[in-house]
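Structural overview for review
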Amino acid sequence: AQSSPHDESVSRPLLKETVAQSPAPIESGSEPSRAQSALDGVDIEVTAALRTWSRAMESNDPDLIAQSYAPHVDRYFLKLDIENTQVKSYMSEWLAHEPKHIVGFSTGGVTIESETSNSAKIRLVKNMKLSDGTGITEHLIRSRLYLSKINGSWKITSEQDFKN
């Protein structure tokens, strides 16, 4: 993997909802670098992509869910080197045979482990709420996502869950 001047080797939390807030005054001699400004833009775009993915998961619509993934996915849970159509097929099968449906999906504890202007490696906790019509169960799942900017949109290129 080639290193970019935008690479960061230190994990840090993803920016909170700061888009509408006024920036703090910049003290003389402490202007942010152009690279840091670009990475802050990446944070905003990645946050939006995670929000879109969450809404897609809550929709229980395999087509909408698959739109959050790249045309080619390096890792999708235990499957390696698959196409986007296989993500859609997996979700279609799961939703058709699983007695529970997703009624809530959010991400928390989001930390960017590394990023460039076109890729990000993220650690997070997925909070998935499933309903079978009689009750709701909540699942907290530690995960790692890799996202890449493809044709101007951030897409998931790898998704891996870990045992809690």
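Here's what I pulled together on the structure shown here. Predicted, not measured: the structure shown is a model, and the values here were computed from it.

Quick notes on the overall build of the protein chain
Per the secondary structure count, the protein chain includes 3 helices and 7 strands. Counting across all 164 residues of the protein chain, residues that qualify as buried make up 32%. Look at the contacts in the protein chain between residues 6 or more apart in sequence, and 56% of them connect residues 24 or more apart. Total accessible area on the protein chain is roughly 9,900 Å²; 52% of this is exposed by carbon and sulfur atoms.

Focus on the pairing of strand 4 (residues 101–115)
One ladder, built from 11 bridges, connects strand 4 with strand 5 (residues 119–131); its direction is antiparallel. Note on strand 5: the bridge partner recorded for Ile-102 is Leu-130. Adjacent in sequence and paired antiparallel, strand 4 and strand 5 are bridged by 3 residues.

Focus: the pattern of salt bridges
Opposite charge on two side chains allows them to pair when their charged atoms are near. Tallied over the entire structure, the rule returns 7 salt bridges. Its salt-bridge partner being Glu-113, residue Arg-123 comes within 3.0 Å of it at the nearest N-O pair. One end of the pair, Arg-123, is in strand 5; the other, Glu-113, is in strand 4, with 10 residues separating them in the sequence. With relative accessibility at 35%, the residue Arg-123 sits in the partly exposed group. A salt bridge links Glu-113 to Arg-144, with the nearest nitrogen and oxygen atoms 2.9 Å apart. Residue Glu-113 is found in strand 4, and its partner Arg-144 is found in strand 6 (residues 136–150); the two are separated by 31 residues along the sequence. On the accessibility criterion, Glu-113 (13% relative accessible area) is buried. Connected through salt bridges with shared partners, the residues Glu-113, Lys-121, Arg-123 and Arg-144 form a single ionic network.

Here we look at the side chain of Glu-159
With respect to the helices and strands, Glu-159 occurs in strand 7 (residues 153–162). What makes Glu-159 buried here is its relative accessible area of 2%. Of note is the side chain of Glu-159, whose polar atom sits 2.6 Å from the side chain of Lys-126. The residues contacting Glu-159, other than those within four sequence positions of it, are Trp-53, Tyr-69, Arg-75, Tyr-76, Phe-77, Lys-126, Arg-144 and Leu-145.

Brief notes about the nonpolar core
Formed by 28 residues in total, the largest nonpolar core has its most connected members in Trp-53, Met-57, Tyr-69 and Ile-122. For this core, the secondary structure elements donating two or more residues are helix 1 (34–59), strand 2 (72–76), helix 3 (84–97), strand 4, strand 5, strand 6 and strand 7. Here the element with the most residues in this core is helix 1; it accounts for 7 residues. Residues in contact with Trp-53, not counting those within four places in the same chain, are Ser-68, Tyr-69, Phe-105, Thr-107, Lys-126, Leu-145, Ile-156 and Glu-159.

Looking at the side chain of Ser-158
For Ser-158, the position within the fold is in strand 7. The class for Ser-158 is buried, based on a relative accessible area of 8%. Dropping the residues within four chain positions of it, Ser-158 is found in contact with Val-73, Arg-75, Arg-144, Leu-145 and Tyr-146.

What counts as what
- Residues numbered from 1 in each chain as written.
- Predicted model: local features only at pLDDT ≥ 70, side-chain atom pairs only at ≥ 80, totals over all residues.
- Heavy atoms only, no water.
- Helix = DSSP H or I, 4+ residues; strand = E, 2+ residues; numbered from the N terminus.
- Buried < 20%, exposed > 50% of the residue type's maximum accessible area, 1.4 Å probe, protein only.
- Contact = heavy atoms within 4.5 Å.
- Areas by Shrake-Rupley, 256 points an atom, 1.4 Å probe, with all protein chains shown as cover.
- Pairing = 2+ DSSP bridges.
- Salt bridge = Lys/Arg side-chain N within 4 Å of Asp/Glu carboxyl O.
- Polar contact = N/O pair within 3.5 Å; in protein donor to acceptor, adjacent residues only side chain to side chain.
- Core = buried A, V, L, I, M, F, W, Y, C linked by side-chain atoms within 4.5 Å.

Without other data, these values stay purely geometric and don't point to any function.
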